[in-house]
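# Structure at a glance
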Amino acid sequence: MVTAGIRDYLEANIIPRYQFFDQAHLEDHVCAVIENALIIAGDFDVNIDMVLVAAAYHDVGLEQGRADHELFSGLVLENDSELKKWFGNEEIIVMKEACEDHRASRKSEPRSLYGKIIADADRILDPDIILTRALQYGAVNYPVLDFDGQIERVLQHVNDKYGENGYMTLWLDTPVNLGRLDAIRAMLLSKEKVKMRCEQLLRSLRT
């Protein structure tokens, strides 16, 4: 069970910072990552408070922009003197490194089990969320594309990231994530099904 004081501090001071980020990294995102991290951590002998903190801080570096945001996230965590109420210096370094190691595009293995937990927790492997975020990103960054062009871009992005040869890596063989990844790869086999689902998602976004 997490320490109440830590949870309360994060809910009051860290999680609200996500309300100013892009659509893919709002408060619902960090709450989902926290939930995933705590579920994954249940299979390992780890300090659950450290998992909670690393998950909460993992994307706060977006305040400095997308590039190298994971490094800024680690710095925010390391420099938060409030955390010294509950953690020693070595624990803070481990949590900092877990933030730094979480990006899906990272090729090298996270430096600790905590880094692997946060990295895998950040893989929000929900087909609807993945498609919605890709559509939202395309609307903002590729506004000249028509609907069919957006679908092609979505398919390319999802395949590049989550396909059999995609750049996303799962560091821990947790059944829930492996099952979700299989579902995404099955979805990619039918362009028409992806197109139909994108149409439905776009309608729901407009209502």
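So, a few notes on the structure that sits alongside this text. As the structure is a prediction and not an experimental result, all values here were calculated from the model. The numbers attached to residues start from 1 for each chain and follow its sequence in the written order. Where local features are concerned, this predicted model is filtered to residues with pLDDT of at least 70; where side-chain atom pairs are given and counted, the filter is 80 or more; whole-chain, interface and lining totals use all residues. The side-chain values count all of the structure's non-hydrogen atoms but skip hydrogen atoms and water molecules.

This part covers the packing of aromatic side chains. Here a Phe, Tyr or Trp ring, Trp counted by its six-membered ring, pairs with any other such ring whose centre lies within 6.5 Å, and the pair is stacked when the planes are under 30 degrees apart, edge-to-face when over 60, and tilted otherwise. Within this structure, the stated rule accounts for three aromatic pairs. Each ring, one from Y9 and one from W86, has its centre 6.1 Å from the other, and the planes form 45°; the classification is tilted. Linking Y9 in helix α1 (residues 4-13) with W86 in the loop between α4 (69-78) and α5 (89-100), this pair joins segments that are 77 residues apart in sequence. Only protein chains enter the calculation, and the probe is 1.4 Å; a residue is then buried if its accessible area is under 20% of its type maximum, exposed if over 50%, and partly exposed in between. On the basis of relative accessibility, which here comes to 16%, the residue Y9 falls in the buried class. Overall, W86 belongs to the partly exposed group, its relative accessible area being 29%. Arranged with centres 6.4 Å apart and planes meeting at 50°, the rings of Y137 and Y142 form a pair that is tilted. Helix numbers and strand numbers start at the N terminus; a helix is a DSSP run of H or I with at least 4 residues, a strand a run of E with at least 2.

A fitted line through C-alpha atoms represents every axis, and for helices the fit uses only the stretch in contact; the resulting angles, taken between N-to-C directions, go from 0 to 180 degrees. For the pair α4 and α5, the least separation of the axes is 7 Å and the interaxial angle reads 160°. Of the possible angle classes, the one that applies to α4 and α5 is roughly antiparallel. Considering only the axes of α4 and α5, their crossing is right-handed. Here E70, L71, S73, G74, L77 and E78 of α4 lie close against α5, whose contacting residues are I92, I93, M95, K96, C99 and E100. Per-class residue counts for the contact of α4 with α5 are six nonpolar, two polar and four charged. Under this scheme an angle from 65 to 115 degrees is roughly perpendicular, one under 35 degrees roughly parallel, and one over 145 degrees roughly antiparallel; angles in between are oblique. Two helices cross in a left-handed way if the nearer one is turned anticlockwise from the farther one by less than a right angle. They cross in a right-handed way if the turn is clockwise. What makes two residues a contact is simply this: any of their non-hydrogen atoms within 4.5 Å. All amino acids are sorted into three groups, where Ala, Val, Leu, Ile, Met, Phe, Trp, Tyr, Cys and Pro are nonpolar, Asp, Glu, Lys and Arg are charged, and the leftover types, Gly among them, are polar.

What follows covers unusual backbone geometry. Backbone geometry places D68, a non-glycine residue, at a positive phi of 60°. Here D68 lies in the loop between α3 (48-57) and α4. For D68, a relative accessible area of 42% gives the class partly exposed.

Let's shift gears to the state of the cysteines. Count a disulfide wherever a pair of cysteine sulfur atoms falls within 2.5 Å. A complete count under the given rule lists zero disulfides for this structure. We note that C99 lacks a disulfide partner, and the nearest cysteine sulfur, in C31, lies 15 Å from it.

Below, the discussion takes up the layout of surface pockets. Of the voids in this model, the largest pocket is the one considered here, and its volume is about 870 Å³. Grid points spaced at 1 Å and placed over the protein atoms alone form the basis of the search, with a cavity being a set where a 1.4 Å probe fits but cannot get out and a pocket an open set showing protein on both sides within 12 Å along at least five of seven lines. Lining residues have an atom within 4 Å of a point. Around the largest pocket, the lining comprises 31 residues; the ones closest to its centre are A24, H25, R66, Y137 and K161. Only α7 (127-141) and α8 (147-162) provide two or more residues apiece to the lining of the largest pocket. A per-element tally of the lining of the largest pocket places α7 first, with eight residues. Grouping the amino acids of the lining of the largest pocket by side-chain chemistry returns 13 nonpolar, nine polar and nine charged. Grid points are joined across faces, edges and corners, and a volume is the space filled by probe spheres set on the points. Considered as a void within the structure, the second largest pocket measures approximately 150 Å³ in volume. What lines the second largest pocket is simply Q23, A24, L26, D28, H29, A32, I124, I129, T132, R133 and Q136. Those elements that place two or more of their residues in the lining of the second largest pocket are α2 (27-41) and α7.

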